[in-house]
Amino acid sequence: MNKTPPKYPLRFFRWFCHPDYVEDIEGDLLERFEKRTNEKRAAKWLFTMDVLRLFRPGIIRNFEGAKKLNYYDMFKNNLKIAWRNAIRQKQFTLLNVLGLTIGIATSVVIGLYVYDETTYDQFHANGDRIYRVNQPNIWLDWTEQISTTGPNVATALREEVPEFEQITRVLSLGAQTVSSASRNVNATVFKELQFYAAEENFFEVFSFEFLEGDAKTALNEPMSMILTYETAKKYFGEDYSPSEAIGKSIEVKDWDNSWATYVVSGILADVPIKSHLQFDMLVSLSSFPEMMQAHGWKWIWNAFATYGLVVENTDIPSLISKLQAIPPKWAAPTTERIFNQTVEEFTGGLPWRLDLQPLSEIYVSGSPTNSFGPTGNPAFIKIFGAIGLLVLILSVINFMNLSTARSSNRAKEVGVRKVLGSERKALLYQFIFESVFFASISTLLAILTVYFSLDAFNALADKNIELTGHLNNPFFYGIIIGFVLIIGIFAGSYPAFYLSSFKPIETLKGKISAGFKGKGIRNGLVIFQFTISIALIVCTFFVQKQLAYASSMDVGFAKDNVLQIHNIEQMGFDTEKLKARLETNPAFTKVGKSFGLPPRVSSGDRYKTPGAESEVFQLRNLRTEEDYLDLLGLEFLAGRNFDPSRPNDKYKVVLNAEAIRLLGWGSVESFASDSLVGKKLALASGDEDEFEVIGVVKDFNFNSVKQEILPLVIIHHLNDKVWDYGRGLSYYSMRMNPEKIRNGEDLDLLIENVRDELTQVDPSVPFEYSFMDQDFENTFRSEQRMGQILNLFTFMALVIACLGLFGLAAFSAEQRTKELGIRKVLGARVSELVITFSTEFTKLILIAILIASPIAYFLVDSWLGNFAYRTPIDLWVFAVATMAALVIAIVTISFQSLKVANKNPAETLTNE
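It should be emphasised that the depicted structure is a prediction, and the values quoted were computed from it without experimental measurement.

Of regular secondary structure, the protein possesses 33 helices and 24 strands. The C-alpha atoms of the protein give a radius of gyration of 37 Å, which is well past the 29 Å a tight globule of 912 residues would have. With the principal axes as the frame, the protein shows a C-alpha extent of 105 × 80 × 65 Å. Here the contacts in the protein between residues at least 6 apart in sequence split such that 79% fall between residues at least 24 apart. Of the accessible surface of the protein, which amounts to about 42,400 Å², a share of 56% is contributed by carbon and sulfur atoms. Across the protein, 90 positive and 102 negative side-chain charges occur, with their mean positions spaced 15 Å apart.

Quick look at the structure:
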């Protein structure tokens, strides 16, 4: 066995042991070790234990330096030195503090944004045990998961899965017309968009705060209703008391124009903003017994959100595995009754998978789309989080760069202090202290900046982020202190080690006065800064280009100058009277009714061609009347539009070209003929009722241009063989005559006229309107917000990079004053001096451009991959973006270049 004692324990012993005892005790330790060498590896282990046992008072050396150190005086002295240096070099101090402040403020704002996005639904008492049941989109795309299920999923889970302590369902009832009392007593009518039905145990799963009423019984009775506090104000007045509202009646207009009366059983505090479930009114699901029983589509009527509260310590992966046996067992009666298919035939062999999504992930995951409230975008969180980190790194690099650049100014100080006996450790402490000191000042300024600018950011990001709430949290201060220390130590570590390494003789002789010892590292950091900035600029250019491309894209019809009024379904089936009044208005060239509006035509159904063995296809539905297709100006490739003079046209359909391709009926070239006219289509769930194809229209974007055009069947609005007849939301659309609407006043007057017409026909229908082009624009609202925020952060990153470049240029100008003065004496012109001075930094920017371009290309290509229709990645965009960065950098440098070049050489050479 090797008889050498373990190295590190021995070193540790020599470090802590009092010098007077080291020799004797070490001898004893080694003697014991040698006696144990026969015990092989145990000897080393026992030696280590002996050393540790000796680490006790009486043996430990007296660390006199530390013992005598007066920490207060040391702090005071370090603070004084830091302050004097800061005052002596005001320009660098300002650049350092400004750069760090911008970087920290940006990262704090992004940190608050990310925190806000990732902390939804945390107010529920049992939030860690709540899961939502998701399943495939069985009507359109089985590979897509949706957040709603059939009503009997809950029934099956209650019977088959004891791991669920509670199962509850929520059903969206769509927009509802609501009144506080009888329509004959001057009641005010409102349209409620967030109107849901929930089961009686809803509040045993979720912890929404009750102001009045009993959470356990509030939804037990049919025709019970719960309102939020703000919603109740609309019906009972601003000064109402929640206790007085209990037992009062609220009336809701039904589809058949009758009014249903609900009794208020509870008043809730307003639903927290950070809840994925947003509602204003909740009614008991037991209020609709006929609807629940009439639909035999227990597994394919996927309109219910199903939530489960699992028993504590449930093994979730095992539970999810267990759920997969439920659809094949329970859904079979439904598929056989409705489609005459087994479950396997219905799914086409694809898995009918039930998944559990934790409550904490429902908002932040962004998928599947949330039907009952807001949905986050994880891509934005990743993008902004990465940008926040990069901006912070840029500001820290700035600090390091400028600190090392000033090394010549601190060299003599270091030399003198070393000559006077100062240890390198003390110098390290001093420089780290200065770094933490400036980080503290910058963090304080950054928090003030965030405090005063957060409202503007909220308006930009459509958020409601608050800083004041965090200021009362001790944990927040812990994070800030830790943040300051990390930033300060990280930013100051390299300058501290670099400056404290100077040799006193060399510094006092002025050998380091040039201060260029760390030039290579500084240049590398400048390249890194501008690589990030240029990549961000290129990405920002492409985001704006994609948004402009999407906004100006031809969607296949004229989407401009179309005014749409909503809630027409509230008028029942007889809407011709309103249409007749609207058509008399000369400002409209066409008026048409539709159930659903582009760019949101989301309903769909399963169709097949006639025949027992025919294949089933999934098509989107758009229910319209003939005038609506004329209003859109769709191009017919074959056949014709619906004809009001032919009563049987209500059972005929028009298809888009994509549907023809899907059905295997031909190609674009063959649509020119009328060979497709007369072909038949039938509902897969129907009783072989066939719909004759009378026309084929050219593909158009009936949904957002972010999606590809899907197969579409256009159904006559009077077709009563298609399920959901008359229950979809309907609209009247009017194409405006631009010659009659010349300015905003004309438009305002027209809207008022439409409101009057609607009120005269049915005053109980809430008036709402929209413009089709704005609806298309709104589908890119989140991307537009992302683009605006990206612009802001890119600007911040560029400012930080330019601050650093400005500081380095100033330093370089100071160092090269003599050289440039001599050149000027020898006849160099100002322009030549500027070029000479700027070339050094311009090279760095060009290198950054070469590195940033492929990185930016990869990022842009990845982002554009999310769009069905994308702008091309043109090289000219890279050229423009990089030229912009280059020009900004040159302008930043040129200030210092001109300043030096214009100096009087006699003066500069005399001073040098």
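Moving on, there is more to tell.
This brings us to the pattern of salt bridges. Tallied over the full model, the rule gives 36 salt bridges. With a shortest N-O distance of 2.6 Å, aspartate 50 and arginine 53 are connected by a salt bridge. Linking aspartate 50 with arginine 53, this pair stays in helix H3 (residues 41-54), spanning three residues, or about one helical turn. A network of salt bridges, in which partner residues are shared, links Arg32, Arg36, Asp50 and Arg53.

Residues that lie three or four places apart on an α-helix share one face, since the helix turns once every 3.6 residues. All buried positions along helix H30 (residues 817-825) are accounted for by Thr817, Leu820 and Gly821. Angularly, the buried residues of H30 cover 105° about the axis, an arc narrow enough to put them on a single face. At the C-terminal side of H30, glycine 827 shows a positive phi close to 110°.

Where like charges cluster on the molecular surface, the negative patch consists of Glu336, Glu344, Glu345 and Glu613. Note that glutamate 613 resides in the loop between strand S16 (604-608) and strand S17 (616-624).

Right, let's talk about the environment of tyrosine 477 for a bit. Turning to its location among the elements, tyrosine 477 is positioned in helix H21 (residues 474-500). There is a polar contact of 2.7 Å between the side chain of tyrosine 477 and the backbone oxygen of leucine 471.

Okay, a positive patch on the surface next. On the surface, Lys76, Lys80, Arg84 and Arg88 cluster together to form a positively charged patch. Among the structural elements, arginine 88 can be located in helix H5 (residues 71-88).

With that out of the way, let us pick up the packing of helix H23 (residues 519-552) against helix H31 (residues 830-864). Where H23 meets H31, the closest approach of the two axes is 6 Å, and the angle between their N-to-C directions is 40°. Put simply, H23 runs oblique to H31. The chirality of how H23 crosses H31 is right-handed. Looking at side-chain class alone, the contact of H23 with H31 contains 22 nonpolar, three polar and two charged residues.

Turning to the side chain of threonine 531, a few remarks are in order. Mapped onto the elements of the fold, threonine 531 is located in helix H23. Taking relative accessible area as the criterion, threonine 531 reaches 8% and is therefore assigned buried. Among the polar contacts listed, one links the side chain of threonine 531 to the backbone oxygen of isoleucine 527, at a separation of 2.6 Å. If we skip the residues at most four places from it in the chain, threonine 531 touches Ala848, Ile851, Ala852 and Ile855.

The next point concerns the pairing of strand S8 (residues 224-228). Judged by how many residues are buried, S8 sits mostly within the fold: five of five residues are covered. The alternating pattern of S8 places Ser224, Ile226 and Thr228 and Met225 and Leu227 on opposite faces, both of which are buried.

Time to look at unusual backbone geometry. Following serine 367, the chain continues to proline 368 via a peptide bond in cis, the omega torsion being -5°. Examined against the element boundaries, proline 368 turns out to sit in the loop between helix H16 (359-365) and helix H17 (378-405). A cis amide bond links proline 598 with the next residue in sequence, proline 599, at an omega value of 10°. Positionally, proline 599 belongs in the loop between strand S15 (588-595) and S16. Even without glycine at this site, asparagine 313 takes up a positive phi of about 65°.

Bringing the state of the cysteines into the picture now. Going through the model one piece at a time under the given rule, you end up with zero disulfides. With no disulfide of its own, cysteine 539 has cysteine 802 as its nearest cysteine by sulfur position, at a separation of 18 Å. Accessibility expressed as a relative area gives 11% for cysteine 802, which makes it buried.

Once that is clear, we can look at the nonpolar core. Within the largest apolar cluster, 119 residues are counted, with the highest numbers of intra-cluster contacts made by Phe384, Phe457, Phe530 and Ile534. If you tally residues by element for this core, the top one is helix H29 (residues 781-815), at 16 residues. Beyond its immediate stretch of four places on either side in the chain, phenylalanine 457 contacts Val109, Tyr113, Ile465, Ile789, Leu792 and Phe793.

Looking now at the packing of helix H6 (residues 90-117) against helix H19 (residues 424-461). Remark: H6 packs on H19, axes separated minimally by 7 Å, with the N-to-C direction vectors making an angle of 50°. When the axis of H6 is compared with that of H19, the two are oblique. The handedness of the crossing between H6 and H19 is right-handed. In contact with Thr93, Val97, Leu100, Thr101, Ile104, Ala105, Val108, Val109, Leu112 and Tyr113 of H6, H19 contributes Phe438, Ala439, Ile441, Ser442, Thr443, Leu445, Ala446, Thr449, Val450, Leu454 and Phe457.

Next up on the list: the pairing of strand S3 (residues 164-172). Burial of S3 is extensive: seven of the nine residues sit out of reach of the surface. In the sheet, S3 pairs with strand S12 (residues 304-310) via seven bridges, with the strands oriented antiparallel. When the sheet's bridge partners are listed, isoleucine 167 is paired in S12 with glycine 308. For S3 and strand S6 (residues 195-198), the ladder comprises three bridges, and the chain directions are antiparallel.

This next bit is on a nonpolar patch on the surface. Nonpolar side chains collect at one region of the surface, where Ile847, Leu850, Ile851, Ile855, Phe858 and Leu859 lie side by side and expose about 570 Å² of accessible area between them. Here isoleucine 847 lies in helix H31. A residue is classified by how much of its surface remains accessible, and isoleucine 847, at 38% relative accessible area, is partly exposed.

What counts, and at which threshold
- All residue numbers refer to position in the chain's written sequence, counted from 1.
- Reporting of local features is limited, given that this is a predicted model, to residues whose pLDDT is at least 70; pairs of side-chain atoms are given and counted only at 80 or more, and all residues count toward the totals for whole chains, interfaces and linings.
- In computing side-chain values, all of the structure's heavy atoms are included and hydrogens and water are not.
- Strands here mean DSSP runs of E at least two residues long; helices mean DSSP runs of H or I at least four residues long; both are numbered from the N terminus.
- Just to be clear, the radius of gyration here is over C-alpha atoms, and the globule rule we use is 2.2 Å times residues to the power 0.38.
- Residue contacts are counted whenever heavy atoms from the two residues lie within 4.5 Å of one another.
- Using the Shrake-Rupley algorithm and a 1.4 Å probe, accessible areas are obtained, with residue cover drawn only from the displayed protein chains.
- For the purpose of counting charges, residues Lys and Arg are taken to be positive, whereas Asp and Glu are taken to be negative. His and the chain ends are not included.
- For this purpose, a charge sits on NZ of Lys, CZ of Arg, CG of Asp or CD of Glu.
- In what follows, salt bridge is the name for a side-chain nitrogen of Lys or Arg lying within 4 Å of a carboxyl oxygen of Asp or Glu.
- Throughout this description, buried means an accessible area under 20% of the type-specific maximum (1.4 Å probe, protein chains only), exposed means over 50%, and partly exposed covers the range between.
- Note that the arc is computed from the directions linking the helix axis to the C-beta atoms.
- For patches, a residue must show more than 30% relative accessible area and have no salt bridge; joins then use 9 Å for like charges and 5 Å for nonpolar side chains, namely Val, Leu, Ile, Met, Phe, Trp and Tyr.
- In protein, a polar contact means a hydrogen-donor-capable atom and an acceptor-capable atom, both N or O and within 3.5 Å, with residues adjacent in sequence counting only if both atoms are side-chain atoms; elsewhere, any N or O pair within 3.5 Å suffices.
- Orientation is described by axes fitted as lines to C-alpha atoms, over the contacting stretch for helices, and by angles from 0 to 180 degrees between their N-to-C directions.
- Orientation categories follow fixed angle ranges, with anything under 35 degrees roughly parallel, anything over 145 roughly antiparallel, 65 to 115 roughly perpendicular, and all other angles oblique.
- For any helix crossing, the convention is left-handed if the near helix is rotated counterclockwise from the far helix by under a right angle, and right-handed if that rotation is clockwise.
- Amino acids outside the nonpolar list (Ala, Val, Leu, Ile, Met, Phe, Trp, Tyr, Cys, Pro) and the charged list (Asp, Glu, Lys, Arg) are all regarded as polar, and Gly is one of them.
- When two cysteine sulfur atoms lie within 2.5 Å, the pair is treated as a disulfide.
- Within this scheme, the nonpolar core is defined by two criteria: the residues are buried Ala, Val, Leu, Ile, Met, Phe, Trp, Tyr or Cys, and they are joined through side-chain atoms within 4.5 Å.
- At least two DSSP bridges between two strands are needed for those strands to be called paired.

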